[in-house]
Amino acid sequence: MQLDAPKEALPFGKPNKPVDFIGFIKRYGLFVLVIGAFLFTVTVPVVLLISKPNYEVHAVLRIDPIIPSVITKSEDLSIINYYQDYANTQARQIMNFEVLETTVKKLTAEQRASVFAPNLPPTTCADIAANIIKVNPVPGTHLVDISVSGPKKKGLASLVNNLMQVYLDKMRTGNEMQDNERLVYLRNKKEALTNDIATIEEKLNLLTQDISTADFAENNNMAGKKLGELQQVAVNAFADRISAENQFREAEKNSRQLKTLSLDPMVEEIVMGDQSLDFTSSWTYQQQQQLRSTTDGLTTSNPDRIYVEERMKAMRDYEKKLQNEVRNSAKTIVYGKRDYEQKKELIQTRNKAEKAKSNEDELLKELDNTKKESVRISLGLHLGEALKSTLQHKRELLNQIDTRMHELELEGKAPLHVAIESLAREPDNPAGSNTKKLMMVFAGLSFGGVTVLFFVFDFLDNRIRRKEDIKAALGYPPAKELLKSAEEKRFSHILEVAPDDPEAQKIRSLAVKFVHENQINSSKIILFSGVERQNGATSLARNCAQALSTLTPKVLLIEAASNTPPLSAIERLGREPEGFQELLSGSASPEQLIVKGGNGSPDMLYHGTENARIVLQQRIPEIVSRLREAYDFICIDAPPVLESNLTENLALHAEIVTLIALGDSTMYRDLRAAAEVFVRLEVPAIMPILNWGGPAKSSQIDRLLEKPPEFLDRISAEKLEALLLNLPLGRRLFDLVNGALEAIKTAARSNKSGSSGK
């Protein structure tokens, strides 16, 4: 029982009824067996009439796992590791359509006419041959059995023998064609290799002329050796240039620093060492001494003294002048000499540095050219080495191709793994007949056709046949499954007349569940509705109300449905009292209409005497609310929900809806539709009940099985005997057919007697 209110329209269950294979076997298994046996028995004379003798011939192929090898060793001629796969492959390839068509074309006109129908094209004959020829490896041997069967013995052996010969020819031709394709490929490859070798040799000749060597080793790179020597010389030239530049910079630095030094001491030394100046100074000194001696005793103003003193001054001035001239001359000489030496040294060091730079530039230029030449020759050597290696590889490959071509020419003549072990011979006696196969075919058609027919009817039958169908439709099983009582008892009063009946116990158990729901969720109003009419909702509502009366003191049963017979008739009242209809119309109050039940019995609100076409439902909320306060439980017997909107209106006020499905009558789709109505109305709880006690609606096939067709009754034993005794095995056929007819009639009678309930 589902207690949570779903918010969506039937979000549970399956939209379509599931297939019940076990139920199908229980319902129709006996009929399938009996009717299938009857149909098969009827077709036995046809089988005997159309059966023909069957001739069969056999031929054997041998598959050798190892064949004698030729002088080549390029391929492994053993198939031991995959012998079974090889044998199965050959067995499949023998039945190739091209092989069969070639075999048919190889037959003579007489042979073809004896095996196949006349005037058939070879392609059609090949298709037929594929069905009559069987190729099977013989387990535990190296043999493959080829057999063919047919109604005529002529032509069968020729067909099999030609098939083996055609297949062996195809294998041999295939091997030769495969070798020819290989040889063509190898010849083309050889020609291409020859052209490549000639091209490579031409390239090697040109390369040898270019780099002047045919030995493509790096030791033969003369430019590389020259490059090494030039690199050493360039390093020395670089060292010389650096040294010369450093000397030049040192000379410049010395010149700048020496120019700051004074050469006056050296000038004075020259002046002091000048002899003319020394002689003049000595002579001047002597003359001055002599002149000074002449002035002795003369006054300062004496003209002679003045003359002598002026003469002495003139001599001193001359001496100083001569000394300055010598000094200037010495200064010019000393400074000029120093400048000369410095400029000379600068010129020499500059020239030396420039020479070293020029030498280095020339060496670097030559080194660069030599390096390029060395790289060019090295690339040529590498290219030559690669060409030489490629040439050697292609020559080796050419030798291998020549060897392989020779091997293929020999392998083309090698023996095959498959050989003819024994040829087929024309049979002397038939191997049997096709009666057994025809029996199997007709038995399959008889039983299979009946099975399919019944299964289609059962698949299209949408009725609820088991509680699993309700579980599939609603997502949960029914709360109770009520069976029809074996004894003739009034189900509406089963609690009173048969309290120990299992169905009465189920109803009391259902009442206990209602009380439990009331204690947990305060559920008081229980709506009883079915998917269709005459589903037992009224009796179930009356019994549940009676059972609830034994558990709670105040229980009311409302008859909202216009039942046939009404609840008053079930209770055996003299006339229909006023009730629910009058309450809706407002002509009376509930206290005036409710019939008190007394201790242990529920109060009754019958349907009433008014039969208005349009039921007024405005007072339903007020009535339900008022009655809810007065009673512990209210059981409402409502019309089927799919037929009356009154049920939908009442469901808006119900806490539990008991949805009753009638076994073998209620449709699966109708059950889901009814549940969907309550789900959309957001009913708090839906409790499905499966009732097997109502009047079931039999399908056409059920009525047919309950009452066998009349033509079966008209078939008498005398007619069957007159019809079948003239055929081969007529007595046995008569016994089989007559027994099958009696079994069908017996099964139909037993099904009719057992279909009244479960």
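For the structure given in this document, a descriptive report is provided here. (Residues numbered from 1 in each chain as written. Predicted model: local features only at pLDDT ≥ 70, side-chain atom pairs only at ≥ 80, totals over all residues. Heavy atoms only, no water.)

### So, the overall build of the chain
- A count of helices and strands for the chain gives 25 helices and twelve strands.
- Counting only residues that meet the buried cut, the chain has 40% of its 758 residues in that class.
- For the chain, restricting intrachain contacts to residue pairs at least 6 apart in sequence, the fraction spanning at least 24 positions comes to 82%.
- In the structure as shown, the chain presents an accessible area of about 43,100 Å², 54% of it carried by carbon and sulfur atoms. (Helix = DSSP H or I, 4+ residues; strand = E, 2+ residues; numbered from the N terminus. Buried < 20%, exposed > 50% of the residue type's maximum accessible area, 1.4 Å probe, protein only. Contact = heavy atoms within 4.5 Å. Areas by Shrake-Rupley, 256 points an atom, 1.4 Å probe, with all protein chains shown as cover.)

### Section: the sheet that holds strand β10 (residues 633-637)
- With parallel pairing, seven strands are arranged side by side in an open sheet as β6-β12-β11-β7-β10-β8-β9. Each edge of the sheet is formed by a strand with only one pairing partner; in this case those strands are β6 (480-482) and β9 (603-605). Direction aside, neighbouring strands of the sheet carry axes that sit 20° apart on average.
- By the bridge criterion, three bridges tie β6 to strand β12 (residues 685-691) in an arrangement that is parallel. Bridging across to β12, K480 finds its partner in I689.
- The strands touched by helix α12 (residues 467-474) within the sheet are β6, β11 (656-662) and β12, with β12 carrying the most contacts at an inclination of about 155°. (Pairing = 2+ DSSP bridges. Axes fitted to C-alpha atoms, helices over the stretch in contact; angles between N-to-C directions.)

### Observations concerning the packing of aromatic side chains
- Under the definition given, this model contains one aromatic pair.
- An angle of 90° between the planes, with centres 6.3 Å apart, marks the rings of F514 and F528 as edge-to-face. In this pair, F514 is assigned in helix α14 (residues 502-521) and F528 in strand β7 (residues 525-530), connecting sequence segments 14 residues apart.
- Judged by relative accessible area, F514 falls into the buried class, the value being 0%. (Phe/Tyr/Trp six-rings, centres within 6.5 Å; stacked < 30°, edge-to-face > 60°.)

### What to know about the packing of α14 against helix α15 (residues 537-549)
- Between α14 and α15, whose axes approach to 9 Å, the crossing angle comes to 65°. The angle between α14 and α15 places the two elements in the roughly perpendicular class. Crossing handedness for the pair α14 and α15: right-handed. Counting all contacts with α14, which are made through I507, R508, L510, A511, F514 and V515, the residues of α15 involved are L540, N543, C544, A547 and L548.
- For the contact of α14 with α15, a count of residues per class yields nine nonpolar, one polar and one charged. (Parallel < 35°, antiparallel > 145°, perpendicular 65-115°, else oblique. Left-handed = near helix turned anticlockwise from the far one by under 90°. Nonpolar A, V, L, I, M, F, W, Y, C, P; charged D, E, K, R; others polar.)

### With respect to the pattern of salt bridges
- Across all of its chains, the model carries 14 salt bridges by this definition.
- With a shortest N-O distance of 3.6 Å, K105 and E101 are connected by a salt bridge. Highlighted residues: K105 and E101, both in helix α3 (residues 97-106), separated by four residues, approximately one helical turn.
- Across the pair E655 and R628 runs a salt bridge whose closest N-O atoms are separated by 2.3 Å. You can see E655 sitting in the loop between α20 (645-651) and β11 and its partner R628 sitting in helix α19 (residues 620-630), a full 27 residues away along the chain. (Salt bridge = Lys/Arg side-chain N within 4 Å of Asp/Glu carboxyl O.)

### Brief notes about helix α2 (residues 83-94)
- Compared with the 16 Å implied by 1.5 Å per residue over twelve residues, the 16 Å span of α2 between its first and last C-alpha is a close match.
- Along α2, the residues that are buried comprise Y83, Y86, A87, Q90, A91 and I94. Here the buried residues of α2 occupy an arc of 140° about the axis, which is enough to place them on one side. Residues of α2 that are exposed and point more than 90 degrees away from the buried face comprise D85 and R92. (Expected span 1.5 Å × (residues − 1). Arc of directions from axis to C-beta.)

### Looking at α14
- The end-to-end C-alpha separation of α14 is 28 Å, in line with the 28 Å expected for 20 residues at 1.5 Å each.
- For α14, the set of buried residues is E503, A504, I507, L510, A511, F514, V515 and E517. Across the axial projection of α14, the buried residues extend over an arc of 160°, all falling on one side. Every exposed residue of α14 that faces more than 90 degrees away from the buried side is listed here: Q519 and I520.
- Sitting at the head of α14, D501 places a side-chain oxygen 2.9 Å from the backbone nitrogen of E503. (Polar contact = N/O pair within 3.5 Å; in protein donor to acceptor, adjacent residues only side chain to side chain.)

### Some points on unusual backbone geometry
- Within the chain, N119 stands out as a residue other than glycine whose phi angle is a positive 65°.
- Non-glycine residue E682 carries a positive phi angle of around 60°.
- Mapped onto the secondary structure, E682 falls in the loop between α21 (668-680) and β12.

### Considering the pairing of strand β3 (residues 143-150)
- Among the eight residues that make up β3, six are buried, leaving the element largely enclosed by the rest of the structure.
- Sheet topology note: the strand β2 (residues 133-137)/β3 ladder contains five bridges and is antiparallel. Bridge pairing links V135 to I146 in β3.
- Connecting β2 to the next strand, β3, in antiparallel fashion are five residues, including G140 with a positive phi near 80°.

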